[in-house]
Amino acid sequence: EGMALPQRILFPPKEICMDWQQRQRPGAGLCNLGSTCYINVILQCLTYTPPLANYLLSRDHSQLCHRQGFCMMCIMEAHVRKVLRSSASVIWPRAVVRDLKFIGEEFEPDMAGDAYEFLRCALEAMQRACLSGSSDVDMSSRTTTIIHQIFGGFLKSRVTCLRCQAVSDSYKAFLHVLLDIKAPSSLTAALEDFVTPKKLDGKYCFKCSKCEKVTASKWVTVHRVPKVFTVCLERAADHTGKKISKIVEYPEYLDLRPYMSDIAGEPLLYSLYALVVHSGDTCLDGHFFCYTKVSNGLWYKMDDESVDNCGIHTVLRQQAYLLFYAR
């Protein structure tokens, strides 16, 4: 369908296990090393992502890794094993903080940061680690790493010239989706807005091969779904740091089928397993904490060092910033 087939499969899809292979109590809380709550929430959400945790606990990566120096996959493997296997109630994520500059140049150990930006950079750093030694592979093969197979999908962009009706399709890989919530009051409404065709005119007008610069319609849909669907509800109202503090409703179970390029077929059901909350008056300050569903099937509020049991009704009433859904 216009997408090139990969020349190599870097990780066998059949080896990705979506269910927890081991069930246990929640692991350790994470010590805040000054201004690192934005790091802690992402580490906890990734730790309780079942297919990623299963792989990291197997130690398959470190046994085959020959990378010298910084490797985000090796760091995450050691971190997840320590959180889930240690008898300690609190651990210090020193290795992650020590190598912050390799994860993202904008991060400083003693400065506050944004959880979404850290998630984006952490996933990209893990993707780079999986591609280490495979720099010669084609672009399609790069989407067959375990990271992209877990978190990655494809968006389809269809641009239609409103003068001659010529259609141009393009595809883009994604590891997370950013949604505008200025108008929508629910996740499903935000997704509906995301896939609603938009008009391209003025400085955004389309350069048609037949008609030159003209008004066009752009329609973006989810073309291939990920195993883990990660959503950021964009709460920055503008560049001043003003925050959108509205409550946006989100379901425990989500069907992605209505937002696909092909809406015909069986439902594509996802289950909520983690979310990040930002508390504070503006996006430039405040505090991050998260809720995660652990391998024993119970929900816990994770706020740096503290890990406390809670119910699904509490989970679904939060001012969510990041949402994690698994197939």
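Treat the numbers as computed from the prediction; the structure is a model and nothing was measured.

Procedures and definitions
Residues numbered from 1 in each chain as written. Predicted model: local features only at pLDDT ≥ 70, side-chain atom pairs only at ≥ 80, totals over all residues. Heavy atoms only, no water. Helix = DSSP H or I, 4+ residues; strand = E, 2+ residues; numbered from the N terminus. Expected span 1.5 Å × (residues − 1). Buried < 20%, exposed > 50% of the residue type's maximum accessible area, 1.4 Å probe, protein only. Polar contact = N/O pair within 3.5 Å; in protein donor to acceptor, adjacent residues only side chain to side chain. Salt bridge = Lys/Arg side-chain N within 4 Å of Asp/Glu carboxyl O. Pairing = 2+ DSSP bridges. Axes fitted to C-alpha atoms, helices over the stretch in contact; angles between N-to-C directions. 1 Å grid on protein atoms, 1.4 Å probe; cavity = no way out; pocket = protein on both sides within 12 Å on 5 of 7 lines; lining within 4 Å. Points joined across faces, edges and corners; volume = space filled by probe spheres on them. Nonpolar A, V, L, I, M, F, W, Y, C, P; charged D, E, K, R; others polar. Parallel < 35°, antiparallel > 145°, perpendicular 65-115°, else oblique. Left-handed = near helix turned anticlockwise from the far one by under 90°. Contact = heavy atoms within 4.5 Å.

Caption draft 1: Examining helix α4 (residues 72-85) more closely. The first and last C-alpha atoms of α4 sit 19 Å apart over 14 residues, in line with the 20 Å expected at 1.5 Å per residue. Those residues of α4 lying buried are M72, M73, I75, M76, E77, H79, V80, V83 and L84.

Caption draft 2: Expanded view of the side chain of T143. Relative to the assigned elements, T143 resides in the loop between α7 (115-130) and α8 (146-151). We classify T143 as buried; its relative accessible area is 18%. Here the side chain of T143 touches S140 through a polar contact of 2.6 Å, landing on its backbone oxygen.

Caption draft 3: Examining the pattern of salt bridges more closely. Applying the stated criterion to the full structure yields seven salt bridges. The salt bridge involving K156 is made with D169; its shortest N-O contact spans 3.8 Å. Highlighted residues: K156 in strand β3 (residues 153-161) and D169 in strand β4 (residues 167-174), separated in sequence by 13 residues. By relative accessible area, which is 31% here, D169 ends up partly exposed. We note a salt bridge from D169 to R158, for which the minimum N-O separation is 2.8 Å. Taken together, the residues span a long stretch of sequence, with D169 in strand β4 and R158 in strand β3 at a distance of eleven residues. Using a relative accessible area of 28% as the deciding quantity, one classes R158 as partly exposed.

Caption draft 4: Spotlight on the pairing of strand β9 (residues 216-224). Alignment of β3 against β9, held across eight bridges, turns out to be antiparallel. Within β9, the position partnered with R158 by the bridge is W219. Of the strand pairs in this sheet, strand β6 (residues 198-200) and β9 are connected by three bridges, and their pairing is antiparallel. What sits directly across from K199, in β9, is S217.

Caption draft 5: Spotlight on the sheet that holds β4. Taken in spatial order, the four strands line up as β4-β3-β9-β6 in an open sheet, and their pairing is antiparallel. Strands at the two margins of the open sheet, each flanked by one partner only, are β4 and β6. Neighbour to neighbour, the strand axes of the sheet diverge by 30° on average, direction disregarded.

Caption draft 6: Inspection of the layout of surface pockets at higher detail. Size it by volume and the largest pocket reaches roughly 1000 Å³. Lining the largest pocket we find 41 residues, and of these L155, Y171, K172, A173 and F174 sit closest to its centre. For the lining of the largest pocket, the secondary structure elements donating two or more residues are α7, β3, β4, β5 (177-180), β6 and β9. Across the lining of the largest pocket, the residue classes tally to 19 nonpolar, twelve polar and ten charged.

Caption draft 7: View of the packing of helix α1 (residues 37-47) against α7. Relative orientation of the contacting elements α1 and α7 amounts to 50°, with a least axis distance of 9 Å. With respect to α7, the axis of α1 lies oblique. The handedness of the crossing between α1 and α7 comes out as right-handed. Note on element contacts: α7 touches α1 through A115, F118, L119, L123 and M126, opposite Y38, I39, V41, I42 and L46. Within the contact of α1 with α7, the residues separate by chemical class into ten nonpolar, no polar and no charged.

Caption draft 8: Spatial organisation of helix α2 (residues 50-58). The element α2 is extensively covered by neighbouring structure, given that eight of its nine residues are classed as buried. Of all the residues in α2, the buried ones are P50, P51, L52, A53, N54, Y55, L56 and L57.

Caption draft 9: Layout of unusual backbone geometry. Of note in this structure, R59 is not a glycine but carries a positive phi near 65°. On the secondary structure map, R59 appears in the loop between α2 and α3 (60-64). We note that D304 has phi near 55°; this positive angle belongs to a residue other than glycine. Here D304 lies in the loop between β14 (299-303) and β15 (306-310).

Caption draft 10: Region of the structure containing empty space enclosed by the protein. Considering all chains together, one arrives at two cavities of 30 Å³ or more under this definition. Lining the largest cavity, in full, are W20, Q22, Q24, R25, Y48, L57, L84, V294 and S295. Classifying every residue of the lining of the largest cavity by side-chain character gives five nonpolar, three polar and one charged. Every residue along the wall of the second largest cavity is listed here: L30, C37, N40, V41, Q44, F288, M302, D303 and D304.

Caption draft 11: Geometry of the environment of S86. Inspection of the secondary structure assignment puts S86 in the loop between α4 and β2 (90-91). Along the sequence, S86 and A28 sit 58 residues apart, while their C-alpha atoms lie 7.5 Å from each other. When sequence neighbours within four positions are dropped, the list of residues in contact with S86 reads R25 and R81. For S86, the side chain forms a polar contact with the main-chain nitrogen of A88, separated by 3.0 Å.

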